[in-house]
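Examination of the molecular architecture
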Amino acid sequence: TGDFSKLSILIEKPLVKARSFEDKLNTYNNLIRSLAASSRYKEGITMCLDILAQLGEAIPNDITADIYRDEALQIKQLLKGKSMDMLSLPLMTDPKKLAAMQFM
């Protein structure tokens, strides 16, 4: 499981020295991986949700059946009449969206 307290001390420096939130993302990614390796899944998930919200991808904590149904219907409407050939889609280039994918 490793020594998480030592890791926390080591991680503090790059987080303090970072010039922007985006500069902290790689460090946060490593921290979350260490939380998972230490079986601290709930903390890792909470941190991921917070980071995703800061990247503009807010995910609700309490997803009800109504929220799920509404989201599924919205996606179905957006995909209506679209080809499902994923290989023909353009590559994602938005830096925030690419960063968010690392935390999903």
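Just so we're clear, the structure is a prediction, and the values are computed from it rather than from any experiment.

When helices and strands are counted, the protein shows five helices and zero strands. Going from the N terminus to the C terminus, the protein shows its helices and strands as α-α-α-α-α. For the protein, whose C-alpha radius of gyration is 17 Å, the value lies well above the compact-globule estimate of 13 Å for 104 residues. Put simply, 56% of the contacts in the protein that link residues at least 6 apart link residues at least 24 apart. Roughly 8400 Å² of accessible area belongs to the protein as shown, and the carbon and sulfur atoms make up 59% of that amount. Computed over 14 positive and 13 negative side-chain charges, the separation of the two mean positions in the protein equals 4 Å.

In this structure, Phe21, Leu25, Tyr28, Ile32, Ile51, Leu55 and Phe103 are the most contacted members of the largest nonpolar core, which totals 14 residues. For this core, the secondary structure elements donating two or more residues are helix H1 (4-17), helix H2 (21-37), helix H3 (41-54) and helix H5 (95-102). If one sorts the elements of this core by residue count, H2 sits on top with five residues. The residues touching Leu55, leaving out its near neighbours within four places in the chain, are Phe21, Leu25, Lys96, Ala99, Ala100 and Phe103.

With that settled, the discussion passes to the confidence of the model for the protein. Per-chain confidence: the protein averages 88 in pLDDT, with 96% of residues scoring 70 or above. Looking across the protein, the model is least confident in H1, with a mean pLDDT of 82, and most confident in H3, with 95.

Before going further, it helps to spend a moment on the packing of aromatic side chains. The full count for this structure, using the stated rule, is one aromatic pair. Judged by centre distance (6.3 Å) and plane angle (40°), the rings of Phe21 and Tyr28 are tilted. Comparing Phe21 with Tyr28, the two get one shared label, buried.

Time to look at the pattern of salt bridges. For the structure shown, the criterion picks out four salt bridges. Residue Arg40 is joined to Glu43 by a salt bridge in which the shortest nitrogen-to-oxygen separation is 2.7 Å. Residue class for Glu43 comes out partly exposed when judged on its relative accessible area of 38%. Across the pair Glu57 and Lys97 runs a salt bridge whose closest N-O atoms are separated by 2.4 Å. In this pair, Glu57 sits in the loop between H3 and helix H4 (65-79) while Lys97 sits in helix H5, placing the two residues 40 residues apart along the sequence. Residues participating in the shared-partner salt-bridge network are Asp66, Arg69 and Asp70.

The next subject is the packing of H2 against H3. Their axes nearest at 9 Å, the elements H2 and H3 cross at an angle of 160°. In terms of orientation, H2 lies roughly antiparallel with respect to H3. The chirality of how H2 crosses H3 is left-handed. Side by side, H2 and H3 meet where Phe21, Leu25, Tyr28, Leu31, Ile32, Leu35 and Ala36 of the first sit next to Tyr41, Glu43, Gly44, Met47, Cys48, Ile51 and Gln54 of the second. By residue class, the composition of the contact of H2 with H3 is eleven nonpolar, two polar and one charged.

Reading the values: rules and limits
- Residues numbered from 1 in each chain as written.
- Predicted model: local features only at pLDDT ≥ 70, side-chain atom pairs only at ≥ 80, totals over all residues.
- Heavy atoms only, no water.
- Helix = DSSP H or I, 4+ residues; strand = E, 2+ residues; numbered from the N terminus.
- Rg over C-alpha atoms; globule rule 2.2 N^0.38 Å.
- Contact = heavy atoms within 4.5 Å.
- Areas by Shrake-Rupley, 256 points an atom, 1.4 Å probe, with all protein chains shown as cover.
- Lys, Arg positive; Asp, Glu negative; His and termini not counted.
- Charge placed at Lys NZ, Arg CZ, Asp CG, Glu CD.
- Core = buried A, V, L, I, M, F, W, Y, C linked by side-chain atoms within 4.5 Å.
- Buried < 20%, exposed > 50% of the residue type's maximum accessible area, 1.4 Å probe, protein only.
- pLDDT = per-residue confidence, 0-100.
- Phe/Tyr/Trp six-rings, centres within 6.5 Å; stacked < 30°, edge-to-face > 60°.
- Salt bridge = Lys/Arg side-chain N within 4 Å of Asp/Glu carboxyl O.
- Axes fitted to C-alpha atoms, helices over the stretch in contact; angles between N-to-C directions.
- Parallel < 35°, antiparallel > 145°, perpendicular 65-115°, else oblique.
- Left-handed = near helix turned anticlockwise from the far one by under 90°.
- Nonpolar A, V, L, I, M, F, W, Y, C, P; charged D, E, K, R; others polar.

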